[in-house]
Amino acid sequence: MCRLNPKVDFVFKKLFGSEENKDILISFINSVLSEDEQIVDIELKNPYNLANYRQGKMSILDIKAVDEKGVWYDIEMQIAEQSFYDKRALYYWAKVYSDQIESGYEFNLLKKTIGINILDFEYLNEEEYHNVYKIYNVKSKKAFSNLFELHFIELPKFKKDFSEIKTTLDRWAAFLTKAYEFDKDTVPKELAQSEEIKKAAEKLDIMSLNKEEREIYENDLKAMMVRNAEINAAEEKGREEGRIEAAIEAIKLGVNNDVVAKISKLSIEKVEELRKKLAINK
């Protein structure tokens, strides 16, 4: 089985953002785009580089690229759940779009920019796992501009078995979510239809045997687990503070301890402690 998780920052960046793997990136981008937007070549603007990674120069792990037609892409894999990811996605899109011109007002130089956000958590209030956003007139439904395009791929919403896979995007979603189930020699036939996915599985196996890259991967994995633990702890602290505030308000209104405990989901002992503190502070 693949020993590395392709969703972890370091692995994703090398797998999809290396010069040697541009065919993999092209296949993935084409799986997201419509049939009339397919690309044949791409130039990486911030390619993966192990030396830079060692020196800590790759803290921003989105992949920036431009195709043969001049269309720009910003691709990000996000594992940790974020409350304001819509704002982040818009910021990253705007940064890539505006950075196309260094100074002055040469707006004619600005090209279409497509943001592709791969999320390992559910964020949008939509049923489909792949959703596309553009700018259009709310009355006429006519497009205002084709320069803006944001894609969201929410991996937890991808529920298909291998036998239900129909599109190349389905294959990539299955690869990203189920790579642990196979290795380069056991790629399911439904995924093996794509030479790029077979290559990606092979690259994962090779990376897992490289001592230095394996160490970087494990450090990234540990850092990700620590971040998740910190986020969960902060959220729990916020919930606890909210319960305490609700209990205090109820106590001030004269509600008895049993009811306060029920509505605040605090223990009777905690409610009694809060009531005593309020009495002391009066």
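In this convention, every chain numbers its residues from 1, walking through the sequence in written order. Totals for whole chains, interfaces and linings use all residues, but because this is a predicted model, local features are given only for residues with pLDDT of at least 70 and pairs of side-chain atoms are given and counted only at 80 or more. The side-chain figures draw on all heavy atoms in the structure; neither hydrogens nor water molecules are used.

As named in an unreviewed UniProt entry, the protein chain is PD-(D/E)XK nuclease family transposase, taken from Clostridium tepidiprofundi DSM 19306.

Caption draft 1: Quick look at the packing of aromatic side chains. Between the rings of Phe, Tyr and Trp (Trp by its six-membered ring), a pair exists once the centres lie within 6.5 Å; its type follows the angle of the planes, with under 30 degrees stacked, over 60 edge-to-face, and the other angles tilted. All told, the structure shown has 16 aromatic pairs when counted by the stated rule. Ring geometry for Trp93 versus Phe148: centroids 4.8 Å apart, planes at 70°, classification edge-to-face. Highlighted residues: Trp93 in helix α4 (residues 85-98) and Phe148 in strand β6 (residues 143-154), separated in sequence by 55 residues. Ring geometry for Tyr129 versus Phe158: centroids 5.1 Å apart, planes at 75°, classification edge-to-face. Remark: Phe158 occurs in the loop between β6 and α5 (168-178) and Tyr129 occurs in the loop between β4 (113-119) and β5 (130-136); sequence separation between them is 29 residues. The ring of Phe162 has Lys178 sitting right over it, with the charged end atom 4.9 Å from the ring centre. The way it works is that DSSP assigns letters per residue, a run of H or I at least four long becomes a helix, a run of E at least two long becomes a strand, and they are numbered from the N terminus. In our convention, an over-ring charge means Lys NZ or Arg CZ found within 6 Å of a ring centre and within 35 degrees of that ring's normal.

Caption draft 2: Molecular detail of empty space enclosed by the protein. Only protein atoms enter the 1 Å grid used here. Points where a 1.4 Å probe fits but cannot escape make up a cavity, open sets with protein on both sides within 12 Å along at least five of seven lines make up a pocket, and a residue lines them when an atom lies within 4 Å of a point. Grid points are joined across faces, edges and corners, and a volume is the space filled by probe spheres set on the points. Scanning the model with the defined rule gives one cavity of 30 Å³ or more in all. When contributions to the lining of the largest cavity are tallied by element, the ones reaching two or more residues are α4 and β4. Partitioned by chemical class, the residues of the lining of the largest cavity number five nonpolar, two polar and one charged. By the convention adopted, Pro, Cys, Tyr, Trp, Phe, Met, Ile, Leu, Val and Ala count as nonpolar, Lys, Arg, Asp and Glu as charged, and the other residues, Gly among them, as polar.

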